[in-house]
Amino acid sequence: MSVLATVEDHRTTGPAALSIARLAVTRFRCYESVRLAPDARPVVLTGPNGAGKTNLLEAVSLLAPGRGLRRARLAEMDRHGDVGGWGVAATIAMPDGEVEIGTGREPDGERRVVRINGEAARGQNALADFVSALWLTPDMDRLFREGASARRRFLDRLVFGYDPAHAGRVTAYEQAMRERGRLLGEGNGDDAWLSALEETMAARGVAIAAARLELVQRLTRALAGATGPFPGVALSVDGTVEGWLGSGPALAAEDRLKAELREARRQDAQSGATSVGPHRSDLEARHLAKDMPAAYCSTGEQKAMLIAIVLAEARLQAAERGVAPLLLLDEVAAHLDEERRVALFDEICGLSGQTWMTGTDAALFAPLGDRAQHFSVADATVADVN
């Protein structure tokens, strides 16, 4: 029997552009089974460390395409000590009605299963037609101080909120890059084969770089006029391909990337890595008021910058797509001062999408009052405390 749960008793609650009206989680992480029926208001989950709060956010993140906020393998999400697979199902309230979404790992399955309104979907990218999700986790507090790969993933998820095809381009680029690397590593010099892979990398790579640049420019404009306790932020993409796009047409950049890849075959064979392409680009952020790179700002300032970026992205998606994303904010309030906490709460209450937040101290969320719905999480159980 499938572990994808069935969501029952549809709700007809508030007019949020996007919200979870029912959530059912089965044999997932610490949960045997849990069901929630929130309305469109922000959802606050409080409880001690290890109670299962982040696990619920992870389950919600899997209603959108991708590997979820922990980027875990499917089997890692099985309930502890259980190898029977897991399931997450939800009723999503949208502007034009409700949709039923289910996703999970079947027993002994190695691929993620997705069902929409009871019908099997061809793949998880079908979820992009219904749900966009953004998240911040404590691990991301180090985003501006660690390696570029995490910043690229962060940027690509922002792009994906506008352009679901972006994920497919990234996947196709990476697959072609791995295959090219394998051939070079084996000493296979088949020119036609390598040229075909390099052509794919060039076409997809330039499209990836162009999409990143376009979003960064729009976000920077949105962030430049920031007021209140969250700082203005200037974003840019540092990369060879992005530089070419800044000085010439996309077709010229494709031709140049193909030529560079061909020229670098010997070098890449020796190093075991691809020396040029958007997989080497980096997202850079600058604190406008201080005119300082994010990497040199304090931890608190970096967190405030990240929140400002995510809120700006949510506003842009709401304005340009007509549907705000789900926001998943794990332990986001703990390291904010009171002014920033209140500003954050006011901002998310004004968004047309639902926000899910976690924390260990329920008192930090008191300023939300009945603008939010509050749940207590303890020992893998969830209780409504409204």
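What you see is a predicted model, and the numbers here were worked out from it, not measured in a lab.

Colleague: Looking at this structure, how should I read the packing of aromatic side chains?
Modeller: The description of an aromatic ring pair rests on the distance of the ring centres and on the angle between the ring planes. Under the counting rule described, the total for this entry stands at 2 aromatic pairs. Stacked on the ring of Tyr 162, the Lys or Arg Arg 218 has its end atom at 4.7 Å from the ring centre.

Colleague: What am I meant to see in the side chain of Asp 268 here?
Modeller: With respect to the helices, strands and loops of the structure, Asp 268 is situated in helix H7 (residues 265-271). The buried category is assigned to Asp 268, whose relative accessible area is 4%. Those residues in contact with Asp 268 that lie beyond four places of it in its chain are Arg 180, Leu 184, Ala 273, Thr 274 and Ser 275.

Colleague: Got a minute to help me understand the nonpolar core in this structure?
Modeller: Soluble globular proteins tend to pack their nonpolar side chains together in the buried interior. Of all hydrophobic cores here, the largest spans 113 residues; its most connected members are Leu 23, Ile 92, Leu 344 and Trp 356. Top element by residues in this core is helix H4 (residues 191-224). It accounts for 13 residues. The contacts of Leu 23, once residues within four sequence positions are left out, are Val 34, Arg 35, Leu 36, Val 60, Leu 63, Val 88, Ala 89, Ala 90 and Trp 356.

Colleague: Just to check I follow, could you spell out the side chain of Asp 141 for this structure?
Modeller: Locating Asp 141 in the fold gives a position in the loop between strand E8 (133-136) and helix H2 (148-160). Residue class for Asp 141 comes out buried when judged on its relative accessible area of 17%. For Asp 141, the side chain forms a polar contact with the side chain of Lys 303, separated by 3.2 Å. Non-local contacts of Asp 141, meaning those with residues more than four positions away in its chain, are made with Gln 302 and Lys 303.

Colleague: What should I look at first to understand the sheet that holds strand E1 (residues 19-28) in this one?
Modeller: Two pairing modes exist for strands in a sheet, parallel and antiparallel, and in both the strands are linked by backbone hydrogen bonds. Ordered by their spatial adjacency, 6 strands build an open sheet running E2-E1-E4-E5-E6-E7, and the pairing between neighbours is antiparallel. Each edge of the open sheet carries a strand with a single partner, namely strand E2 (31-36) and strand E7 (119-120). Here helix H1 (residues 53-61) sits on the sheet and contacts E1, E2 and strand E4 (86-94); the angle it forms with E1, its principal contact strand, is near 115 degrees.

Colleague: Is there a simple way to explain the environment of Met 94 in this structure?
Modeller: One can find Met 94 in strand E4. Along the backbone, Met 94 and Leu 219 are 125 residues apart, and their C-alpha atoms lie at a distance of 25 Å. Sequence-distant contacts of Met 94, that is, excluding residues within four places in its chain, are made with Ala 17, Leu 18, Val 99, Asp 129 and Phe 130.

Colleague: It is not clear to me how the pattern of salt bridges should be interpreted in this structure. Could you clarify?
Modeller: Pairing is possible between side chains that carry opposite charge, provided their charged atoms lie close to one another. Within the structure shown, the criterion is met by 28 salt bridges. For Arg 286, the salt bridge identified is with Asp 291, shortest N-O distance 2.7 Å. A relative accessible area of 52% means that Asp 291 is categorised as exposed. Residues participating in the shared-partner salt-bridge network are Arg 180, Asp 191, Glu 198, Arg 262, Arg 265 and Asp 268.

Calculation rules
- Residues numbered from 1 in each chain as written.
- Predicted model: local features only at pLDDT ≥ 70, side-chain atom pairs only at ≥ 80, totals over all residues.
- Heavy atoms only, no water.
- Phe/Tyr/Trp six-rings, centres within 6.5 Å; stacked < 30°, edge-to-face > 60°.
- Lys NZ or Arg CZ within 6 Å of the ring centre and 35° of its normal.
- Helix = DSSP H or I, 4+ residues; strand = E, 2+ residues; numbered from the N terminus.
- Buried < 20%, exposed > 50% of the residue type's maximum accessible area, 1.4 Å probe, protein only.
- Contact = heavy atoms within 4.5 Å.
- Core = buried A, V, L, I, M, F, W, Y, C linked by side-chain atoms within 4.5 Å.
- Polar contact = N/O pair within 3.5 Å; in protein donor to acceptor, adjacent residues only side chain to side chain.
- Pairing = 2+ DSSP bridges.
- Axes fitted to C-alpha atoms, helices over the stretch in contact; angles between N-to-C directions.
- Salt bridge = Lys/Arg side-chain N within 4 Å of Asp/Glu carboxyl O.

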